[in-house]
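Inside the fold
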Amino acid sequence: MPTSSSFEFEVANFVCKFNENNLMDLFNEVVLPAFNRDDKWKIANGTFFFKDVSLINYQANNEMYYALAGKFIRNTLLKRQQYHNEVTGELIQDEQSLPSSPSAFFVLILNNHRLIYLKETKHACSGQQILDTVLSFCSAS
């Protein structure tokens with residue numbers, strides 16, 4: 001029996017300015033390098049990074065649009081301390097960790113600062129976490 005998956009996407013404003021400059025004004029110097037870094041942004045509950053980011057362009061209504069598209073990934077550990085054994089009824093103390101890397105696909109339209117964000121897995125990061133990661137990478141450049 002075939003299964004189907006449905007995905008919901010979000011559209012948000014991705015407000016990221018550099019003083020009076022917009023995303024396209026410092027695209028080659030700041031924006032593109034921030035999305036193509038090999039390192040990861042590390043915080044207490046994981047690391048965040050971009051993968052397979054590419055620049056796309058398209059024309060609509062006689063206007064050229066430019067966008068970055070790729071994956072946004074969070075490496076983290078799922079941790080448990082215990083579980084309930086359904087057969088015995090016992091609560092078993094059992095600390096275990098499992099690596100997890102929830103991901104999302106994004107398209108950032110550079111002309112109008114629109115972010116289209118599709119969570120590919122449960123527990124994928126929020127659009128705000130993409131912005132925080134980009135700002136971290138931009139300030140480190």
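Above this text is the structure in question.
Notes on the structure in this doc start here. Within each chain, residue numbers correspond to sequence positions counted from 1 in written order. The model is predicted, so local features are restricted to residues of pLDDT at least 70 and side-chain atom pairs to those at 80 or more, both for listing and for counting; the totals for chains, interfaces and linings are taken over all residues. Just so you know, side-chain values use all the structure's heavy atoms and leave hydrogens and water out.

Quick look at the environment of Gly-89
Spelled out, the test is: Working definition: helices are DSSP H or I runs of at least four residues, strands are E runs of at least two. Numbering for both runs from the N terminus. To sort residues, take the accessible area from a 1.4 Å probe on protein chains only and compare it with the maximum for the residue type: under 20% means buried, over 50% means exposed, and anything in between is partly exposed.
As for its placement among the helices and strands, Gly-89 is situated in the loop between strand S4 (63-84) and strand S5 (91-100). Taking the relative accessible area as the measure of exposure, Gly-89 reaches 45% and is therefore partly exposed. The spatial distance from the C-alpha of Gly-89 to the C-alpha of Phe-49 is 41 Å, given a sequence separation of 40 residues.

A word on the environment of Tyr-65
The line we're drawing: Should any heavy atoms of two residues lie within 4.5 Å, those residues are counted as being in contact. Here a polar contact means two N or O atoms within 3.5 Å. Within protein one must be a hydrogen donor candidate and the other an acceptor candidate, and residues neighboring in sequence count only if both atoms are side-chain atoms.
Its location among the elements puts Tyr-65 in strand S4. Look at Tyr-65 and you get buried, because its relative accessible area is 18%. When the C-alpha positions of Tyr-65 and Ser-136 are compared, they lie 25 Å apart, and in sequence the two are 71 residues distant. The residues touching Tyr-65, leaving out its near neighbours within four places in the chain, are Ile-56, Asn-57, Tyr-58, Ala-60, Ile-109 and Asn-111. A polar contact is formed between the side chain of Tyr-65 and the side chain of Glu-63, at a distance of 3.5 Å.

Here we look at the nonpolar core
Threshold: For our purposes a nonpolar core is just a set of buried Ala, Val, Leu, Ile, Met, Phe, Trp, Tyr and Cys residues, chained together by side-chain atoms within 4.5 Å.
By size, the foremost hydrophobic cluster in this structure holds 27 residues, and its most contacted members are Phe-14, Phe-35, Phe-50, Phe-106 and Ile-130. Elements supplying a minimum of two residues to this core: helix H1 (27-35), strand S3 (46-60), S4, strand S6 (103-109), strand S7 (114-119) and helix H2 (127-140). Each residue touching Phe-106, except ones within four places of it in the same chain, is listed here: Phe-35, Phe-50, Val-53, Leu-68, Ala-69, Gly-70, Lys-71, Phe-72, Leu-115, Ile-116, Tyr-117 and Ile-130. Membership of the second largest hydrophobic core comes to five residues, among which are Tyr-65, Ala-67, Val-107 and Ile-109.

What to know about unusual backbone geometry
In this structure, Asp-52 takes a positive phi of about 55° despite not being glycine. Its place among the elements puts Asp-52 in strand S3. Given the relative accessible area of 56%, Asp-52 is considered exposed. Even without glycine at this site, Asn-62 takes up a positive phi of about 60°. By secondary structure assignment, the location of Asn-62 is in the loop between S3 and S4.

Quick notes on the packing of aromatic side chains
As a reminder of what qualifies: Side-chain rings of Phe, Tyr and Trp (the six-membered ring for Trp) are treated as a pair once their centres are within 6.5 Å; stacked means planes under 30 degrees apart, edge-to-face means over 60, and tilted covers the remaining angles.
Counted under the stated rule, the structure contains seven aromatic pairs. For the ring pair Phe-50 and Phe-72, a centre distance of 5.0 Å and an interplane angle of 40° mean the geometry is tilted. Here the residue Phe-50 occupies a position in strand S3, and Phe-72 occupies one in strand S4, the gap between them amounting to 22 residues. Exposure class is identical for Phe-50 and Phe-72. Each is buried. Residues Phe-50 and Phe-106 carry aromatic rings whose centres are separated by 5.6 Å and whose planes lie at 70° to one another, so their mutual orientation is edge-to-face. Of the two residues, Phe-50 sits in strand S3 while Phe-106 sits in strand S6, which places them 56 residues apart along the sequence. Judged by relative accessible area, Phe-50 falls into the buried class, the value being 7%.

Things to note about the pattern of salt bridges
Put simply, the rule reads: By definition, a salt bridge exists where a carboxyl oxygen of Asp or Glu is found within 4 Å of a side-chain nitrogen of Lys or Arg.
Taken as a whole, this structure holds four salt bridges when the rule is applied. A salt bridge links Arg-37 to Asp-39; the shortest N-O distance between them is 2.7 Å. Glu-120 serves as the salt-bridge partner of Lys-71, at 2.6 Å between the closest nitrogen and oxygen. In this pair, Lys-71 is assigned in strand S4 and Glu-120 in the loop between S7 and H2, connecting sequence segments 49 residues apart. Classification of Lys-71 as partly exposed rests on a relative accessible area of 27%. We classify Glu-120 as partly exposed; its relative accessible area is 28%.

Keep in mind that these numbers describe shape and distance, not what the molecule does.
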